[in-house]
Structure formats: structure tokens, C-alpha cells
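Tertiary structure, described
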Amino acid sequence: GGQEQAVVARPRACTLCRECIRKPEDADKVKLNRVKNHYIFSIESTGILVPEVLLSEAINVLITKCSNLEDQLTQAESEQLL
């Protein structure tokens, strides 16, 4: 059959530093890509909040930040149209 293929052992640990394609002879051997609609959301805690509350609060913060970004993009777009 086909060509042999190497797979990253711990893909979540990959930081996309591009070290694996730094050498020109390795550039055609490695394919770096991201899943476009995939996002790894991680939170850390000191243990004060129970996980369910912590996750809920973290999601609320993320929603607020996304909403603020959306507002800023809309404002920037409307300013360009003026």
C-alpha cells in the first residue's frame, strides 16, 4: 500500500511552533493544519469554585468577550462605510 505516516502523539501539546518544518528538507514531509471550527477552551482553578460554577462563569466571560469583539467589528465596519 500507501506511504508511511507519522502522527503527533499528543496533538493538544503541539503549539504550532513550526520547529518540525524549520529545516527545508523536512518542510515537504510535515503538514501543519488546524481545524477551522475547533477551539480548545481551558480553564484553571485554585479550587474555590466547584467545576460546574467555574465552567458556567468562564463561559459567561467568553460570551461577553465575543459580544464585545462583535460590537467592535461592527463599529469598525460602519466607520469604514461612512
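The structure contained in this document is the topic of the report that follows. Here the structure is a predicted model, which means the values were calculated and not measured.

A short note on the overall build of the protein chain
Along its length, the protein chain carries two helices and zero strands. Over its C-alpha atoms the protein chain spans a radius of gyration of 20 Å, topping by over 25% the 12 Å that the globule rule assigns to 82 residues. C-alpha atoms of the protein chain, sized along the principal axes, occupy 50 × 50 × 25 Å. Per-residue burial over the protein chain gives 4% buried out of 82 residues. Side chains of the protein chain give 10 positive and 12 negative charges; the mean places of these two sets differ by 9 Å.

Some points on a nonpolar patch on the surface
Residues Y39, F41, I43, L55, I59, L62 and I63 make up a contiguous nonpolar surface patch of about 630 Å² in total accessible area. Topologically, L62 is positioned in helix α2 (residues 51–81). Taking relative accessible area as the criterion, L62 reaches 30% and is therefore assigned partly exposed.

Topic: the layout of surface pockets
In this structure, the largest pocket encloses a volume near 1,000 Å³. Around the largest pocket sit 25 residues that line it, and V8, C14, K31, L32 and N33 are the ones nearest its centre. When the residues that make up the lining of the largest pocket are grouped by side-chain class, the tally is 13 nonpolar, five polar and seven charged.

Points about the pattern of salt bridges
A complete count under the given rule lists two salt bridges for this structure. Salt-bridge contacts for D26 lead to K29; the nearest nitrogen and oxygen are separated by 4.0 Å. On the basis of relative accessibility, which here comes to 63%, the residue K29 falls in the exposed class.

Remarks on the state of the cysteines
Tallied over the full model, the rule gives zero disulfides. Take C14: it sits in no disulfide, and the sulfur closest to it among the cysteines is that of C20, at 6.5 Å. A relative accessible area of 38% places C14 in the partly exposed class. Note on C17: no disulfide assigned, nearest cysteine sulfur contributed by C20 at a separation of 6.5 Å.

Describing unusual backbone geometry
Trans is the prevailing form of peptide bonds, just as negative phi is the prevailing case for residues other than glycine. Although it is not a glycine, L16 sits at a positive phi angle of roughly 55 degrees. Topologically, L16 is positioned in the segment before α1 (24–27). The class for L16 is partly exposed, based on a relative accessible area of 26%. The backbone phi angle of R18 is positive, close to 75 degrees, even though this residue is not glycine.

Reading the values: the criteria
Residues numbered from 1 in each chain as written. Predicted model: local features only at pLDDT ≥ 70, side-chain atom pairs only at ≥ 80, totals over all residues. Heavy atoms only, no water. Helix = DSSP H or I, 4+ residues; strand = E, 2+ residues; numbered from the N terminus. Rg over C-alpha atoms; globule rule 2.2 N^0.38 Å. Buried < 20%, exposed > 50% of the residue type's maximum accessible area, 1.4 Å probe, protein only. Lys, Arg positive; Asp, Glu negative; His and termini not counted. Charge placed at Lys NZ, Arg CZ, Asp CG, Glu CD. Patch = residues over 30% accessible without salt bridge, like charges linked within 9 Å, V, L, I, M, F, W, Y side chains within 5 Å. Areas by Shrake-Rupley, 256 points an atom, 1.4 Å probe, with all protein chains shown as cover. Salt bridge = Lys/Arg side-chain N within 4 Å of Asp/Glu carboxyl O. 1 Å grid on protein atoms, 1.4 Å probe; cavity = no way out; pocket = protein on both sides within 12 Å on 5 of 7 lines; lining within 4 Å. Points joined across faces, edges and corners; volume = space filled by probe spheres on them. Nonpolar A, V, L, I, M, F, W, Y, C, P; charged D, E, K, R; others polar. Disulfide = S-S within 2.5 Å.

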